[in-house]
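Listed here are the chains, written in short residue letters.
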Amino acid sequence: MTNAIQVRGLTKRYGDVQAVKGIDLDIRRGEVFAFLGPNGAGKSTTVEILEGYRKRDAGEVSVLGVDPGRPTREWRSRIGIVLQTANDAAELSVRETVRHFAGYYPNPRDPDEAIAAVGLTESANKRVRQLSGGQRRRVDVALGVLGNPELIFLDEPTTGFDPEARRQFWELIEGLAHTGSTIVLTTHYLDEAEALANRVAVIAGGQIVAEGEPATLGGRATAKAHVIWDEGSVETDTPTKTVLELSRRYDGEVPGLAVTRPTLEDIYLKLIEAPRD
Amino acid sequence: MTDTATGTAPSRTTATRAMPSALKLGLSRGMVETKMFFREKDAVVFTFAFPIILLMLFGSIFAGPLEGSGVTVSQLYTAGLIGAGVMGAGFQSLGIGIAGDRDDGTLKRLAGTPMPRSAYFIGKIINVLVIAFLEVVILLAIGVLMYDLDLPGQVSSWVTFAWVFVLGVTAAALLGTAVSSLPRSAKSAAAVISMPFVVLQFISGVFIPFTQMPEWLINIASVFPLKWMCQGFRAVFLGDGGAMLELTKSYELDRVALVLGAWVIGGLVLCLTTFRWKGRRDG
Ligand SMILES: Nc1ncnc2c1ncn2[C@@H]1O[C@H](COP(=O)(O)OP(=O)(O)OP(=O)(O)O)[C@@H](O)[C@H]1O
Ligand SMILES: [Mg+2]
């Protein structure tokens, strides 16, 4: 099966700012792929080029077998988009908005079911203007998944979500992935990337600085463990042995004992430090 | 938490179903646009109240008859303000509306869906037609009830009204669409678009008769559609008696059609070449 997204040597410049400096990417069909990276790294630029919004300067790009620089209606109907920012259609109610947008697609989801999937059933008759920031964002997500897309782009979809809404969103994404949709998202929440993504790419300064499964990214799986207790700490490849020794030394319980591996966040912070010098 | 997509896998049919037609989506957008317009109370007041207040004001201040024509000044204003009202709906409120759509992400969101782009414009045209029609009805009602304006009895006058209205609204709407690309943001749109419109109303004979205006101003006004639209409406509502008030002692309906038609074509070309689906910050 062909890749859902294939990118070779993608570049994009705004005036003096080289926002994307040569990105290569293969995203398989059915994969959940997350972009991580600091503010201004080039995530939105990359994603919006893939969505057919922005013109690239150079590189080859194929999204569902089509060059996004020449989008067609048919292609658009197979793609769902959640943009990073939007504050439109404020005078319509949630239900009116979702029903209206469902009409654009040849094979839409049931509008009320889409509203329920983002947990807005209770607010369905409220004007979009009256929603809270997080509720507004959920409307964006509902509109993004409305067309039963084969491929969904979500640019920081859960910004402003409360913890429960975030979990609900994760379930929605897992459900979509379960039906075979390809999902590309950007996020600043590393737990989100870890929970959802099969693969992540870290972008910094317009380049991909690391790519892989969240569990193994940047050598995470083979990194040394940290053993900490009240009177000291060591980094070691054999934490079990260390703990046994400590236990013998203290003759039982080790005061304040903790064994940690680097979190995705530790790895991430190390990765994005590198290209800044 | 049970009502997520997890349990109910949406069926993805492999056979592609037909895309909804542009006309159907255009009508659907027209309904949504109109609904949104009337829910935004400030914009409704801004659009409708301006010509109404001006008509009441001018109609009361300058109430006398005009010599030898059987036409009163307030009747003249009614006809002129109908032209201004139609232009306001097409040019001003549409131009500001589209600039807002560009700024708040409406256009960007729509461009990301499979909606055919023509559906957006069909929706806007429906919206403008509804607003302009209501405006004319209200102004005519005021004219008839307060200023003894007689509604024309002949079918031919209403035919004239129909084509002046349709050509006028279309030209104004196309110009409004084109001008919407000028302001840098929604905030500046009201100023950038309203200013030239107010000036145009003053030089196009809406408030001040051409007989009191220097020739060079009349020449400038003659380039733009508002003068001709107002002239067309005067032909409909003031009748033969009012023709002698015109500069050329005639309503020149053939030239009205010509100039408005030219603006329709010019406006269309302008829109097709300059319309931006993106805001200035969208890369
Ligand atoms: N329309 C634009 N015009 C000019 N420069 C832009 C534009 N859009 C983005 N940039 C610049 O390009 C760079 C990358 O921006 P981009 O929005 O892709 O970052 P991002 O990774 O999405 O950041 P964030 O996490 O803050 O959303 C930044 O330096 C930004 O200032
Ligand atoms: Mg971004």
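Computed from a predicted structure; not experimentally measured. (Residues numbered from 1 in each chain as written. Chains lettered and ligands numbered in written order. Predicted model: local features only at pLDDT ≥ 70, side-chain atom pairs only at ≥ 80, totals over all residues. Heavy atoms only, no water.)

A look at the pairing of strand E11 (residues 232-236) of chain A
Residue and element names in this part refer to chain A.
Part 1: Pairing geometry for strand E10 (residues 225-229) and E11, over five bridges, is antiparallel. Bridging across to E11, Val 227 finds its partner in Val 234.
Part 2: In textbook terms, the turn of a hairpin is the stretch between consecutive antiparallel strands, and for E10 and E11 this stretch comprises two residues. (Pairing = 2+ DSSP bridges. Helix = DSSP H or I, 4+ residues; strand = E, 2+ residues; numbered from the N terminus.)

Observations concerning the coordination of the magnesium ion (ligand 2)
All names here are of chain A.
Part 1: The magnesium ion (ligand 2) binds to the protein through Ser 44 (OG) and Gln 84 (OE1), with metal-donor distances spanning 1.9 to 2.2 Å. Residue Ser 44 is located in helix H1 (residues 43-50), and its partner Gln 84 is located in the loop between strand E5 (79-82) and helix H3 (94-102); the two are separated by 40 residues in the primary sequence.
Part 2: According to the relative accessible area criterion, Ser 44 is buried, its value standing at 17%.
Part 3: On the basis of relative accessible area, Gln 84 is assigned to the partly exposed category, the value being 32%. (Donors = N, O, S within 2.8 Å, 3.2 Å for Na, K, Ca; no water. Buried < 20%, exposed > 50% of the residue type's maximum accessible area, 1.4 Å probe, protein only.)

Thoughts on the packing of helix H2 (residues 41-61) of chain B against helix H3 (residues 73-104) of chain B
All names here are of chain B.
Part 1: Two elements in contact, H2 and H3, have axes whose closest approach is 9 Å; the angle formed by their N-to-C orientations is 160°. Comparing their axes, H3 and H2 come out roughly antiparallel. Here H2 runs over H3; the crossing is right-handed. On H3, the residues that touch Phe 46, Thr 47, Pro 51, Leu 54, Leu 55, Phe 58 and Gly 59 of H2 are Ser 74, Tyr 77, Thr 78, Leu 81, Gly 85, Gln 92, Ser 93 and Ile 96.
Part 2: Classifying every residue of the contact of H2 with H3 by side-chain character gives eight nonpolar, seven polar and no charged. (Axes fitted to C-alpha atoms, helices over the stretch in contact; angles between N-to-C directions. Parallel < 35°, antiparallel > 145°, perpendicular 65-115°, else oblique. Left-handed = near helix turned anticlockwise from the far one by under 90°. Contact = heavy atoms within 4.5 Å. Nonpolar A, V, L, I, M, F, W, Y, C, P; charged D, E, K, R; others polar.)

Focus: the site of ligand 1
Part 1: Lining the immediate environment of ligand 1, one finds 18 residues, of which Gly40(A), Lys43(A), Ser44(A), Thr45(A) and Gln84(A) sit closest.
Part 2: Ligand 1 sits at a junction of chains, with neighbouring residues supplied by chains A and B.
Part 3: Within the backbone of Gly40(A), an N or O atom sits 2.8 Å from an oxygen atom of ligand 1.
Part 4: In the model, a nitrogen atom of ligand 1 is placed 3.3 Å from a nitrogen or oxygen of the Arg54(A) side chain.
Part 5: For ligand 1, whose free accessible area comes to 630 Å², the fraction covered by protein is 70%.
Part 6: Of all the elements in the fold, those that place two or more residues in the shell around ligand 1 are strand E2 (17-28) and H1 of chain A.
Part 7: For the shell around ligand 1, the element with the most residues is H1(A), which contributes three residues. (Near = heavy atom within 4 Å. Polar contact = N/O pair within 3.5 Å; in protein donor to acceptor, adjacent residues only side chain to side chain. Areas by Shrake-Rupley, 256 points an atom, 1.4 Å probe, with all protein chains shown as cover.)

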